[in-house]
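Listed below are the residues making up each chain.
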Amino acid sequence: MGEMTQSSLLTRAMLDEGRYAESLLEVSHSLGLIDEAFLHALSRSLQRLLADQCRAYTGGHSGSIRRETALSLGESILFTLGALLKRYEPLEALAMLRNQSLESCYRDGRRQVDRLVQTAELMHRAELRRPLPVENEQLRDTLVGGISGFFKLYNPEYGAQEIHITADYPVLFYPQGLRGVEFILKYLDNLVMENRFLRLFETAPLHRCLNLYAIRNDTTLSALCDNLCEVTLACALRPLLPPEPTARMLPKAGYALMERLECPSSALRQYVIRICVEYASDLLRIQRLMREGSDP
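What should I look at first to understand unusual backbone geometry in this one?
Glycine aside, negative phi is the norm for most residues, and most peptide bonds take the trans geometry. In the Ramachandran plot, His164 falls in the positive-phi region, its phi being about 75 degrees despite a non-glycine side chain. Relative to the assigned elements, His164 resides in the loop between α7 (137-153) and α8 (180-198). Here His164 falls in the partly exposed class, since its relative accessible area comes to 45%. Phi at Glu262 takes a positive value of approximately 55 degrees, unusual for a residue other than glycine. Along the chain, Glu262 falls in the loop between α11 (250-260) and α12 (266-278). Judged by relative accessible area, which is 67%, Glu262 ranks as exposed.

If you want it as structure tokens, here you go:
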């Protein structure tokens, strides 16, 4: 197989988003796009970069560093490199590793991680300025306490891959496999999107729907641990569906709902349709539970 054909086989979908730099090298090697000599040279550069980080971390006493700490610093370096490499097509990322020093790539990666942190902080502050669409303990604790705690604890220089917190509120599309600020940024993006959906509804019917669902589950709206967006969507879809709907009817009903709500955001519309497709069985289950309830 020629090199051009081998190159065309390397796609982003083949790579592990949580271990991007490592998987880029592993997959590229398996396709014959890089050889052992290149991997050995890159490994030596990584070892030198890790030694520099260990010295910086210990104030010049790298010989006293614990093995677990050194491994964590190595993961931080690889995460940082991955954050940079994700900005490019896989073949372009490989070319960068060939043509630039690893130290230069790491510096560029640190700047990329800092940009991600800044973006996440801006998104978080903007959401905190908005009133919560529903007063719910888990939603508030995660948004106000948990994510704020991430920014206080996050150290991109020595622990870029760390998350430190538990994001307890169950967003529907939990960012599986992502780490560090990439996880927080994607989690926040989904949480903000779901809150935007809830804000499309008037307060009274929204609370009526969610309070009824909470009662059916022997709890209160404040203590409810389910996803509020999913429950609300299930209730809102009911008037647009026949008495015994099927899963394949939900996307069309979701589109009609967003038209009725006059939602101006195409991204939010797509998010809701995705819920209708991927959570169809859960939406139908909630509708069965709520059959005697009210709709927002």
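Can you walk me through the nonpolar core in this structure?
Across soluble globular proteins, you tend to see nonpolar side chains buried next to one another. Of all hydrophobic cores here, the largest spans 67 residues; its most connected members are Phe197, Leu228, Leu233, Leu237 and Ile275. When near neighbours in sequence (up to four residues on either side) are disregarded, Leu228 contacts Val134, Asn136, Leu139, Tyr169, Leu198, Leu210 and Leu221. Ranked by size, the runner-up nonpolar core spans 24 residues in total, among them Leu10, Phe38, Ala93 and Leu97.

Before we go on, may I ask you to explain the packing of aromatic side chains in this structure?
Two numbers describe a pair of aromatic rings. These are the distance of the centres and the angle of the planes. Counted under the stated rule, the structure contains 9 aromatic pairs. For the ring pair Tyr174 and Phe183, a centre distance of 5.4 Å and an interplane angle of 65 degrees mean the geometry is edge-to-face. What makes Tyr174 partly exposed here is its relative accessible area of 37%. On the numbers, 5.9 Å between centres and 20 degrees between planes, the contact of Phe183 with Tyr187 is stacked. With a gap of 4 residues between them, Phe183 and Tyr187 both fall in helix α8, about one helical turn apart. Following the ring pairs from residue to residue traces out a cluster consisting of Phe150, Phe151 and Tyr154. The aromatic ring of Phe38 is capped on one face by Arg98, whose charged end is 5.1 Å from the ring centroid. If you follow Arg274 out to its NZ or CZ, it ends over the ring of Phe173, 3.6 Å from the centre.

Conventions used here
- Residues numbered from 1 in each chain as written.
- Predicted model: local features only at pLDDT ≥ 70, side-chain atom pairs only at ≥ 80, totals over all residues.
- Heavy atoms only, no water.
- Helix = DSSP H or I, 4+ residues; strand = E, 2+ residues; numbered from the N terminus.
- Buried < 20%, exposed > 50% of the residue type's maximum accessible area, 1.4 Å probe, protein only.
- Core = buried A, V, L, I, M, F, W, Y, C linked by side-chain atoms within 4.5 Å.
- Contact = heavy atoms within 4.5 Å.
- Phe/Tyr/Trp six-rings, centres within 6.5 Å; stacked < 30°, edge-to-face > 60°.
- Lys NZ or Arg CZ within 6 Å of the ring centre and 35° of its normal.

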